[in-house]
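# Summary of structural features
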Amino acid sequence: MSLASHVQATPREMTPELGVILPAFNERGNVEPVLEALRAGVKGILYEVILVDDDSEDGTADHARSLAARFPELRVIQRINRYGLSSASIEGMMASHAPYLAVMDCDLQHDERILPAMLERLKAEHLDIVIGTRHAEGGSTGNFSVSRRAISDTGRFLSRAIYSEHVSDPMSGFFILERRFLLEVVRSLSGTGYKILLDLLASSKRPVRFGEVGYTFRNRRHGSSKLDLLVSLEYLELLLDKMLGSFLPPRFVLFCLVGFVGLLLNLSLFEFLSRALNLSLTAALAVSSVAVMTANYWMNNQFTFRKFRLRGRGFWKGLGVFYLACSIGLFANLQLANSMRQSGFKQAVAVLSGVAVGSLWNYFMSSMLVWQIQRRRRRL
Ligand code: GDD
Ligand code: MN
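Attention here is on the structure that accompanies the text. Being a predicted model, the structure only gives us computed values, none of them experimental.

### What to know about a nonpolar patch on the surface
There is a patch of nonpolar side chains on the surface, built from Phe 260, Leu 263, Leu 264 and Leu 267 and spanning about 410 Å² of accessible area. Counting through the fold element by element, Leu 263 comes out in helix H10 (residues 250-276). Looking at Leu 263, the relative accessible area reads 48%, which means it is partly exposed.

Set out below in structure tokens:
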């Protein structure tokens, strides 16, 4: 039978009802156990599994493909030069053609056995989304360390800034939704970082109809959590994006924060050089400016533009361009402030306008020339 006639002959019941999306990074040891657990825990529902791997060094994607003969329900998306739990989940969901979509970690920490109950509630109560929660009846965070619980609680508290409805576990990475709801919000998603659920909820223009099902967060058996400082930073970026994204890009806010830290650094370094070391004004200013520009460059490379982070030779080349761009920015800043001052503007207004124009210039030049955002995005 040719492929075409085979496809035509596929009975309607063979179309999966549920797409289970497994974002996975360095989860080689967990893929098979998760697939087994799904088979044991999700009975009576036709489902497909889409594993979205970000080119893990441990060969997760290759390993998953090697299991395809035993698990025909599995498909693999291997993304190159991309990363992020949220964007992986979004792409996985968009790749499935099932009417209902679940997102679940690929490390057995989320309890797959509650998936049928979650789907049942979604359908019976005509909800947009059903969340697997660690903080409601029947739910628990399991053996969380004190620090992990504190991070989680702080995150939960901050989430109120962008989503005020009472969801008991807005940080959950375990939920089922109806495709219709996904399509409604998909174009407004930030897609940054870890918190895809919060992103979905906060992107809806109308109140979301949600339900919750409790479960106990299990311990990892293989591999380790990828939650780190960067992930917390990305969480702040998500909050910023949702709060002011439409008129102020979060990357620009980060850039200004780095600039502000640099300014404080510059003032204290200048004080130290001129007072303690008795350097002349010009010498102290020159040394402190170069030092702070270097520090700013490093911070921006590390945080603001980390998706486009420069390494090796590129790092040094970028530093050179950054010096140049910022010097022109500083020149423009001084010119504007001086001429405004001469035209009779108050000192504070003149200085602030100079700083604003200088920062904007530095930001756009840095994005375009140093980290080359547009060019590199097109290549991905
Ligand atoms: N494709 C892809 N790309 N997958 C990723 C990435 C990435 O950049 N980062 C993490 N993952 C995958 C991991 O392989 C794992 O399957 C899942 O996403 C969750 O990552 P963990 O590192 O295990 O997260 P966690 O256990 O600390 O926290 C999880 O559970 C919490 C409770 O529900 C996350 O889902 C949190 O968002 C959630 O709050
Ligand atoms: Mn985990």
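### Comments concerning the site of ligand 1
Taken together, 28 residues sit near ligand 1, with Glu 27, Asp 54, Met 171, Arg 220 and Lys 226 positioned nearest. Gln 109 is positioned with one of its side-chain polar atoms (N or O) 2.9 Å from an oxygen atom of ligand 1. One nitrogen or oxygen atom from the side chain of Tyr 194 is found 2.8 Å from an oxygen atom belonging to ligand 1. In isolation ligand 1 exposes 740 Å². Once the protein is present, 97% of that is buried.

### Considering helix H5 (residues 115-124)
Among all positions in H5, only Leu 115, Met 118, Leu 119 and Leu 122 are buried. The arc that holds the buried residues of H5, viewed along the axis, is 95 degrees, so those residues lie on one side. Exposed positions of H5 whose direction lies more than 90 degrees from the buried face are Glu 120 and Ala 124. Elements in contact with the buried residues of H5: helix H2 (28-41), strand S4 (100-103), strand S5 (129-133), strand S6 (175-178) and strand S7 (210-214). Of the residues trailing H5, His 126 is marked for its positive phi of about 50 degrees.

### Overview of the pattern of salt bridges
According to the stated counting rule, one finds 25 salt bridges in the structure shown. One salt bridge connects Glu 48 with Arg 75, and the closest N-O pair in it is separated by 3.7 Å. With Glu 48 in strand S2 (residues 47-53) and Arg 75 in strand S3 (residues 74-78), this residue pair connects regions lying 27 residues apart in the sequence. Its relative accessible area of 8% is what places Glu 48 among the buried residues. With a relative accessible area of 39%, Arg 75 lands in the partly exposed category. With its nearest N and O atoms 2.9 Å apart, the salt bridge here joins Arg 206 to Glu 184. Of this pair, Arg 206 sits in the loop between helix H8 (196-203) and S7 while Glu 184 is found in helix H7 (residues 179-185), placing the two residues 22 residues apart along the sequence. By relative accessible area, Arg 206 is classed as partly exposed at 24%.

### Notes on helix H12 (residues 312-342)
Over its 31 residues, H12 runs 46 Å from end to end, which matches the ideal 45 Å to within 8%, given 1.5 Å per residue. Along its buried surface, H12 packs onto helix H11 (281-304) and helix H13 (347-370). Two residues or fewer after H12 comes Gly 344, characterised by a positive phi angle close to 100 degrees.

Calculation criteria
- Residues numbered from 1 in each chain as written.
- Chains lettered and ligands numbered in written order.
- Predicted model: local features only at pLDDT ≥ 70, side-chain atom pairs only at ≥ 80, totals over all residues.
- Heavy atoms only, no water.
- Patch = residues over 30% accessible without salt bridge, like charges linked within 9 Å, V, L, I, M, F, W, Y side chains within 5 Å.
- Areas by Shrake-Rupley, 256 points an atom, 1.4 Å probe, with all protein chains shown as cover.
- Salt bridge = Lys/Arg side-chain N within 4 Å of Asp/Glu carboxyl O.
- Helix = DSSP H or I, 4+ residues; strand = E, 2+ residues; numbered from the N terminus.
- Buried < 20%, exposed > 50% of the residue type's maximum accessible area, 1.4 Å probe, protein only.
- Near = heavy atom within 4 Å.
- Polar contact = N/O pair within 3.5 Å; in protein donor to acceptor, adjacent residues only side chain to side chain.
- Arc of directions from axis to C-beta.
- Contact = heavy atoms within 4.5 Å.
- Expected span 1.5 Å × (residues − 1).

The values reported here are purely geometric and, on their own, carry no functional implication.
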